[in-house]
Amino acid sequence: MKTNLSLTILCVIAFAFPVSEANAKYRRPDVEKIPVERLVDNLARVADKDPKDAAVRFNLARAHAMAYANKTDNVEVWKDAEEKGAWFGYEPKNVPFTNMPTEDKAKQKEAKEQLVKAILRYQETIKLDPKNYPAKLGYAWCLEQSGEKAKAIKAYREVIDEAWVAEQKIERAGLGFRPVTAEGAEYLIPLLDEKKDQ
């Protein structure tokens, strides 16, 4: 009887004082545009100071990959926090850039150099942090961009398999969570042969 009374009182309070529905909004990011080379130089300097810092290497790999993909001279970063790397938006994908083609030969050459550096930095990150699945996905994406289709397919399959072991156990995820398995499948499926990979 006491339990029912407590439950009744709780229900009355809940209905009498309803929780107002708030419209959640992101705060305006405090970012600034800086040259890509400045970001890369600063991240490389931080990475050189601490050879075991996988997070900085991951940010550096992403900066190189973004420079390859976007082919722009400037990038947005958090003010006074360049070591966090480029700002990719509120809820970015694990590979938060798309390859933008260009006819400019100089930009193509520079982009290829950035891609080579991105692959190396992703490899360093993975060596330091083998469970960094976004880094493994970024590495596979860069292999694909470099024309190494077979290697990319293998790398995509590996990261999807590994990430699935961890992601299938997730019961709750934070705002903007993007499963590596789902994103990896987005990149992998178009590369597969309809008959051979059936």
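In what follows, the accompanying structure is described.

A word on the environment of Tyr-156. With respect to the secondary-structure elements, Tyr-156 resides in helix 6 (residues 149-167). Look at Tyr-156 and you get buried, because its relative accessible area is 0%. Considered as a pair, Tyr-156 and Gly-184 are 28 residues apart in the sequence and their alpha carbons are 6.1 Å apart. Apart from residues lying up to four places away in sequence, Tyr-156 is in contact with Leu-137, Ala-140, Trp-141, Glu-144, Gly-184, Tyr-187, Leu-188 and Leu-191. In terms of polar contacts, Tyr-156 uses its side chain to reach the side chain of Glu-144, at 2.6 Å.

Turning our eyes to something else, we now look at the packing of helix 6 against helix 7 (residues 180-188). Two numbers describe how helix 6 lies on helix 7: the axes approach to 8 Å, and their chain directions differ by 160 degrees. Considered as vectors, helix 6 and helix 7 are oriented roughly antiparallel to each other. Where helix 6 crosses over helix 7, the handedness of that crossing is left-handed. Of the residues in helix 7, those in contact with Ile-153, Tyr-156, Arg-157, Val-159, Ile-160, Ala-163, Trp-164 and Glu-167 of helix 6 are Val-180, Thr-181, Gly-184, Ala-185, Tyr-187 and Leu-188. Taken together, the residues of the contact of helix 6 with helix 7 sort by class into 10 nonpolar, 2 polar and 2 charged.

By the element assignment, Glu-167 lies in helix 6. Look at Glu-167: it is buried, it has no salt bridge, and the nearest opposite charge is Arg-178 at 11 Å. A distance of 2.7 Å separates the side chain of Glu-167 from the backbone nitrogen of Val-180, its partner in a polar contact. Excluding residues that lie within four positions of it along the chain, Glu-167 makes contacts with Phe-177, Pro-179, Val-180 and Thr-181.

According to the stated counting rule, one finds 8 salt bridges in the structure shown. In this structure, Lys-79 engages Asp-30 in a salt bridge whose closest nitrogen and oxygen atoms are separated by 3.7 Å. In this pair, Lys-79 sits in the loop between strand 2 (74-78) and helix 4 (105-128) while Asp-30 sits in the loop between helix 1 (2-16) and strand 1 (31-35), placing the two residues 49 residues apart along the sequence. Residue classification places Lys-79 among the partly exposed residues on the basis of a relative accessible area of 40%. Taking the shortest distance from any N to any O, the salt bridge between Lys-93 and Glu-186 comes out at 3.3 Å. Here Lys-93, found in the loop between strand 2 and helix 4, pairs with Glu-186, found in helix 7; they are 93 residues apart in sequence, far enough to count as distant. Lys-93 sits in the partly exposed class, given a relative accessible area of 29%. When salt bridges that share partners are traced, they join Arg-57, Arg-121 and Glu-124 into one network.

Analysis parameters
- Residues numbered from 1 in each chain as written.
- Predicted model: local features only at pLDDT ≥ 70, side-chain atom pairs only at ≥ 80, totals over all residues.
- Heavy atoms only, no water.
- Helix = DSSP H or I, 4+ residues; strand = E, 2+ residues; numbered from the N terminus.
- Buried < 20%, exposed > 50% of the residue type's maximum accessible area, 1.4 Å probe, protein only.
- Contact = heavy atoms within 4.5 Å.
- Polar contact = N/O pair within 3.5 Å; in protein donor to acceptor, adjacent residues only side chain to side chain.
- Axes fitted to C-alpha atoms, helices over the stretch in contact; angles between N-to-C directions.
- Parallel < 35°, antiparallel > 145°, perpendicular 65-115°, else oblique.
- Left-handed = near helix turned anticlockwise from the far one by under 90°.
- Nonpolar A, V, L, I, M, F, W, Y, C, P; charged D, E, K, R; others polar.
- Lys, Arg positive; Asp, Glu negative; His and termini not counted.
- Salt bridge = Lys/Arg side-chain N within 4 Å of Asp/Glu carboxyl O.

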